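Results of the structural survey
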Amino acid sequence: MNSALVYAIKSLWSNKWSTLIAMLSIGVCFFIITLIGIGLYNLNIFTKKISNKAALVIYLKNGISQAEIEQFKESLEKKEVFSKIRFISKEDALKEMKELIEPSLIELIGFNPLSDTVEAFIKDDKFNKLEEISKELKNHKYVEDIYYPSNIIYALKILKITIWNLGILILSLLGLSILFIIYATVKNHYWKKGEEIEILKLLGATPSYIRYPFLTEGGLLGLAGSILATASIFLIYFVLYSKETVSYIPAISNLVLPVEVFYLLPSAGLLLGVISAFLALGKIRYQ
Amino acid sequence: MITFLGVYKYYDSVPVLQSLSFKIEKGELIFITGPSGAGKTTLLKLIFGSERPDEGEIKVGDFELSRIRQSEIPHLRRIVTFVFQDFKLRQDLTVYDNVALPLLVMGQKERDIKQKVYDTLKNVNLRHKADTLVRTLSGGEQQRIAIARAVITNPRVILADEPTGNLDPDTSRDVMNLFKSVNALGCTVVIATHNPELFKNTAYRVLHLKEGKFLK
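**Here we look at the packing of helix H3 (residues 95-105) of chain B against helix H4 (residues 110-123) of chain B**
Residues and elements named next belong to chain B. Contact pair H3 / H4: the axes reach a minimum separation of 9 Å and the direction vectors enclose 125 degrees. Looking at the two axes, H3 sits oblique to H4. Here H3 and H4 pass one another in a crossing that is right-handed. Note on element contacts: H4 touches H3 through Glu110, Ile113, Lys114, Lys116, Val117, Tyr118 and Leu121, opposite Val95, Tyr96, Val99, Ala100, Leu103 and Leu104. Taken together, the residues that form the contact of H3 with H4 break down as 10 nonpolar, no polar and 3 charged.

**A word on the packing of aromatic side chains**
The description of an aromatic ring pair rests on the distance of the ring centres and on the angle between the ring planes. The final tally for this structure, using the stated rule, is 14 aromatic pairs over all chains. Seen from their ring centres, Phe234 of chain A and Phe238 of chain A are 5.0 Å apart, and the 80 degrees between their planes marks the pair as edge-to-face. Of this pair, Phe234 of chain A and Phe238 of chain A both sit in helix H9 (residues 207-240), separated by 4 residues, roughly a single helical turn. Judged by relative accessible area, which is 40%, Phe234 of chain A ranks as partly exposed. Seen from their ring centres, Tyr8 of chain B and Tyr10 of chain B are 6.2 Å apart, and the 15 degrees between their planes marks the pair as stacked. By relative accessible area, Tyr10 of chain B is classed as partly exposed at 28%. In this structure an aromatic cluster arises from ring pairing among Phe234, Tyr237, Phe238 and Phe262 of chain A.

**Quick look at the interface of chain B and chain A**
Many analyses report the size of an interface as the accessible area lost when the parts associate. Taken together, the contact pairs 16 residues of chain B with 15 residues of chain A. Both sides of the chain B and chain A interface together cover about 1600 Å² of buried area, and 64% of this is carbon and sulfur. In terms of surface lost to chain A, no three residues of chain B exceed Gln70, Arg77 and Val105 of chain B, which account for 38% of the buried area on that side. Our enumeration of links across chain B and chain A arrives at 1 salt bridge. Our enumeration of links across chain B and chain A arrives at 4 residue pairs in polar contact (both at pLDDT 80 or more). Elements with a contribution of two residues or more to the side of chain B that touches chain A: helix H2 (73-76) and H3 of chain B. Among the elements that make up the side of chain B that touches chain A, the one with the highest residue count is H3 of chain B (4 residues). Tallied by class, the residues present in the side of chain B that touches chain A amount to 9 nonpolar, 2 polar and 5 charged.

**Topic: the nonpolar core**
Residue and element names in this part refer to chain B. Membership of the largest hydrophobic core comes to 70 residues, with the highest contact counts inside it found for Ile2, Phe4, Leu43, Val80, Leu159 and Val190. Apart from residues lying up to four places away in sequence, Leu43 is in contact with Phe4, Leu17, Leu20, Phe22, Ile32, Leu209 and Phe214. With 39 residues, the next largest nonpolar core counts Leu29, Leu121, Val124 and Ala146 among its residues.

**Some details on the sheet that holds strand S2 (residues 14-24) of chain B**
All names here are of chain B. With antiparallel pairing, the 4 strands of this open sheet are ordered in space as S2-S1-S4-S5. Edge positions in the sheet fall to S2 and strand S5 (63-64), since each of these pairs with one other strand and no more. As judged from the 5 bridges shared by strand S1 (residues 2-11) and strand S4 (residues 55-60), these two strands associate in the antiparallel manner. Of the residues in S4, the one forming a bridge with Thr3 is Lys59. Against the sheet, helix H1 (residues 40-48) contacts S1, S2 and S4, and its axis sits at roughly 120 degrees relative to S1.

**Thoughts on the side chain of Thr34 of chain A**
Residues and elements named next belong to chain A. Relative to the helices and strands, Thr34 is located in helix H2 (residues 16-53). Separated by 2.5 Å, the side chain of Thr34 and the backbone oxygen of Phe30 make a polar contact. Apart from the residues lying within four places of it in its own chain, the contact partners of Thr34 are Ile233, Val261 and Leu265.

**A word on the sheet that holds strand S7 (residues 157-161) of chain B**
All names here are of chain B. Spatial ordering of the open sheet is given by S6-S7-S8-S3-S9-S10, a layout of 6 strands whose pairing is mixed. If you trace the sheet from one side to the other, it starts and ends with strand S6 (80-83) and strand S10 (213-214), each paired once. As judged from the 4 bridges shared by strand S3 (residues 29-33) and strand S9 (residues 205-210), these two strands associate in the parallel manner. Within the sheet, the bridge partner assigned to Ile30 lies in S9 and is Arg205. H1 contacts S3, S6, S7, strand S8 (188-193), S9 and S10 of the sheet and is inclined by roughly 150 degrees relative to S7.

**Quick notes on the packing of H3 of chain B against helix H5 (residues 139-151) of chain B**
All names here are of chain B. Closest axis-to-axis distance for the H3/H5 pair is 7 Å, and the angle between their directions is 30 degrees. Taken together, the axis directions place H3 and H5 in an arrangement best described as roughly parallel. Crossing handedness for the pair H3 and H5: right-handed. Where H3 approaches H5, its residues Val95, Asn98, Val99 and Pro102 are matched on the opposing element by Ile145, Ala148 and Arg149. Taken together, the residues of the contact of H3 with H5 sort by class into 5 nonpolar, 1 polar and 1 charged.

Reading the values: the criteria
Residues numbered from 1 in each chain as written. Chains lettered and ligands numbered in written order. Predicted model: local features only at pLDDT ≥ 70, side-chain atom pairs only at ≥ 80, totals over all residues. Heavy atoms only, no water. Axes fitted to C-alpha atoms, helices over the stretch in contact; angles between N-to-C directions. Helix = DSSP H or I, 4+ residues; strand = E, 2+ residues; numbered from the N terminus. Parallel < 35°, antiparallel > 145°, perpendicular 65-115°, else oblique. Left-handed = near helix turned anticlockwise from the far one by under 90°. Contact = heavy atoms within 4.5 Å. Nonpolar A, V, L, I, M, F, W, Y, C, P; charged D, E, K, R; others polar. Phe/Tyr/Trp six-rings, centres within 6.5 Å; stacked < 30°, edge-to-face > 60°. Buried < 20%, exposed > 50% of the residue type's maximum accessible area, 1.4 Å probe, protein only. Buried area = accessible area lost by both parts, 1.4 Å probe. Salt bridge = Lys/Arg side-chain N within 4 Å of Asp/Glu carboxyl O. Polar contact = N/O pair within 3.5 Å; in protein donor to acceptor, adjacent residues only side chain to side chain. Core = buried A, V, L, I, M, F, W, Y, C linked by side-chain atoms within 4.5 Å. Pairing = 2+ DSSP bridges.

The following block contains the structure:
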């Protein structure tokens, strides 16, 4: 293992320019991958927050007793799709309205035009059932009307799916690029050592003995590139979360950077490097 | 140790070896001779697992070479070693590193390797050149290093293809003496050569190849 590591480091050093270019390219790819990954992660959090705020507003018919309201609330709870159910009586609604509109104008109407309402906040994972539930509730005997922000939710859904698909496509392309960069670099180093490897085969070296230094080389390339990216992300993290930046752009504080990045990225680099190197070497044949 | 039974080898449908059947006993030193293109190198390559016979059976120790799997070849090459005419040494390494290479490949520890390498280099009179880069040495010295590398793992068979091809008569004699001393320790040695001086006035068996067949 140690000799494979020493051999790999020597090989990378003896091809230092191609190694440096490969490492930088891998670093840039990993950096973009991480930025996109963080973007998608934050988009997920954002859409969840929005969906938490999206509620069905159920207007109840006039003249429903308190017992019937309780019964209706219970029936909603039993559906297990709502995270929170809030009843707003027509009197409370009027009070809220008076805070928004000049009370004298409301006095002019002479009666309370508002209905008793129930706000039902849908659970994150039941978000896609919103339309179906809304249709079902519309036919309920106590329900006068239902409002839910269908256009906004639909647009949000489409936007999220589009961004995710685009993100995954770019991530896949960048992942493939990393695979190809390491593949080409290791293959090039392997070809350069053709005579050396031929001698090893003649001396009875097993395929694993021949492969080991190159797998290590691939792993080191992937690891170095991903560490470069991790360091850049770390730097950006400190700049973005510094007091100065947050005071200048307060929205930054809403941005979430999962700490898992700092160990997942190097692990991914190492793994991708070893896989690429393995593919580059192919089957070791003896002649 | 080595058995050939009705072996044929073709290159592009042209027969290179035809109906070869013979045995080489354990501890024997044997010369395979014949003109260029007679099939000497191909015969050695077949024993080394570099080529496969198109017909017939070849057995080396416990290895059945007509059916040998790729994964078994490294193990075959730990009991059958090869001394090449062009030495096949790592020119960028020292004498010590070249001779130590087969032991490293076999996974031996550095401390065990050191003594073995120095002992083997002493046997080929190159102990004093251990730290010298191979590329700075003469052809005769490089051939002795190649022999040292071939014997260091105590193989059961050593194959040599024109081992004196590029050497002057005095150096050739030294190299041949090395093979004889290795053989005296019980190792089977197969030497392919077109130089009759090597086996003239010796009691060793000589097989004459011509156009892929043995001459009676």
